[in-house]
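# Inside the fold
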Amino acid sequence: MSLARDQIKPLALVFDDDGLIPNNPLPLLLYKHAVDIGGRDPEQAIEDLFERNGWGDRWRNGIFDYQHYHATVHEALGVACGRAMVLFGGEQGEAIELTPGDVAVLPAGTGHKCLFASHDFSVVGAYPPGPKMQVTRPTPDNYRKALQTIPKLSLPETDPIYGKNGPLLRLWAK
């Protein structure tokens, strides 16, 4: 049984490069209420779904409360419980509330930081096969390096929720 709800069209958001956070011309994909997490272990349910769809190096925690991005890998964030207000796209980006069952898929370079989280907030992160995740802070030197690294990254072969037939493959096509 799949925990992914019937295919949901994601909200696609593109953020401008702000000179310290490169963001990405590929859109951040926000799937609202995409995962049925009504069972006893919502973190495990999201981990299992990501794993079935080829997204690994999973972790459980929150989202850092400082601005950062990942210049070496794309990232999926699945909300297991609680709520959070997350600023995506850098300081001039957009604050979005994440709630249980939501999944945000960030192309490499997308700035993000948690502005507020409920005490019970839990998110599962995962990455497509490829380079390891590195937390990158917005500095001029990191920005220059990211502009060289990000365009060389491969696109994921699967959507973290819907696999080989997911919207990510169409929306992130080069």
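Analysis parameters
- One numbering rule holds for all chains: residues counted from 1, following each sequence as written.
- Only residues with pLDDT of at least 70 are given local features in this predicted model, and only at 80 or more are side-chain atom pairs given and counted; all residues enter the totals for whole chains, interfaces and linings.
- Excluding hydrogens and water, the side-chain figures rest on all heavy atoms present in the structure.
- Each helix is a run of H or I in the DSSP string that is no shorter than four residues. Each strand is a run of E no shorter than two, and both are numbered from the N terminus.
- Only the C-alpha atoms count toward the radius of gyration. The rule for a globule is 2.2 Å times the residue count to the power 0.38.
- Buried residues are those whose accessible area, probed at 1.4 Å on protein chains only, stays under 20% of the maximum for their type, while exposed residues exceed 50% and partly exposed ones sit between those limits.
- In this description, contact between two residues means that some pair of their heavy atoms is separated by no more than 4.5 Å.
- Here the Shrake-Rupley method, with its probe set to 1.4 Å, supplies the accessible areas, and only the displayed protein chains count as covering residues.
- Counted as positive: Lys and Arg. Counted as negative: Asp and Glu. His and the chain ends are not counted at all.
- The atoms used to mark charge sites are NZ of Lys, CZ of Arg, CG of Asp and CD of Glu.
- Any two strands with at least two DSSP-identified bridges between them are counted as paired.
- Lines fitted to the C-alpha atoms define the axes, with helices restricted to the stretch that makes contact. Angles between their N-to-C directions range from 0 to 180 degrees.
- Every case where a carboxyl oxygen of Asp or Glu lies within 4 Å of a side-chain nitrogen of Lys or Arg is listed as a salt bridge.
- Residues enter a nonpolar core if they are buried and are Ala, Val, Leu, Ile, Met, Phe, Trp, Tyr or Cys, with the set joined through side-chain atoms within 4.5 Å.

### Focus on the overall build of the protein
When helices and strands are tallied, the protein shows three helices and nine strands. Going from the N terminus to the C terminus, the protein shows its helices and strands as β-β-α-β-β-β-β-β-β-β-α-α. Expected size for 174 residues packed as a compact globule is a radius of gyration near 16 Å; at 15 Å, the protein falls within 12% of this value. The dimensions of the protein, computed from C-alpha atoms along their principal axes, are 45 × 35 × 25 Å. Counting over 174 residues, the protein shows a buried share of 53%. Across the protein, the fraction of contacts at a sequence separation of at least 24, relative to all contacts at a separation of at least 6, is 76%. Only carbon and sulfur atoms are counted for the fraction: they give 52% of the accessible area of the protein, which is about 8,500 Å². When the 17 basic and 21 acidic side-chain charges of the protein are each reduced to a single mean position, those positions are 4 Å apart.

### Observations concerning the sheet that holds strand S4 (residues 75-81)
With respect to topology, six strands assemble into an open sheet ordered S1-S2-S7-S4-S9-S3, the strand pairing being antiparallel. With partners counted over all chains shown, the strands left at the sheet margins are strand S1 (11-15) and strand S3 (56-61), one partner each. Each strand of the sheet is rotated relative to its neighbour by a mean of 20 degrees, with strand direction disregarded. With five bridges joining them, S4 and strand S9 (residues 122-127) adopt antiparallel strand pairing.

### Describing the pattern of salt bridges
When their charged atoms lie close together, side chains carrying opposite charge are able to pair. What the rule picks out here adds up to eight salt bridges. Lys132 is the partner of Asp57 in a salt bridge, and the nearest nitrogen-oxygen pair spans 3.1 Å. Here the residue Asp57 occupies a position in strand S3, and Lys132 occupies one in the loop between S9 and helix H2 (140-149), the gap between them amounting to 75 residues. Exposure remark for Asp57: the relative accessible area of 42% places this residue in the partly exposed category. With relative accessibility at 55%, the residue Lys132 sits in the exposed group.

### A closer look at the environment of Pro151
Its location among the elements puts Pro151 in the loop between H2 and helix H3 (167-171). Residues Pro151 and Thr72, spaced 79 residues apart in sequence, show a C-alpha to C-alpha distance of 9.9 Å.

### Some words on the nonpolar core
Ranked by size, the top nonpolar core spans 20 residues in total, and within it Tyr31, Phe50 and Val105 carry the most contacts. Mapped onto this core, the elements with two or more residues apiece are strand S2 (24-31), helix H1 (42-52), S4, strand S7 (103-106) and S9. Discounting residues that sit within four places of it in the chain, Phe50 has contacts with Trp55, Arg58, Ala76, Leu77, Gly78, Val103, Val124, Ala126 and Pro160. Core analysis: the next-biggest nonpolar cluster, separate from the first, contains 17 residues, Leu13, Ile63, Val86 and Val123 among them.

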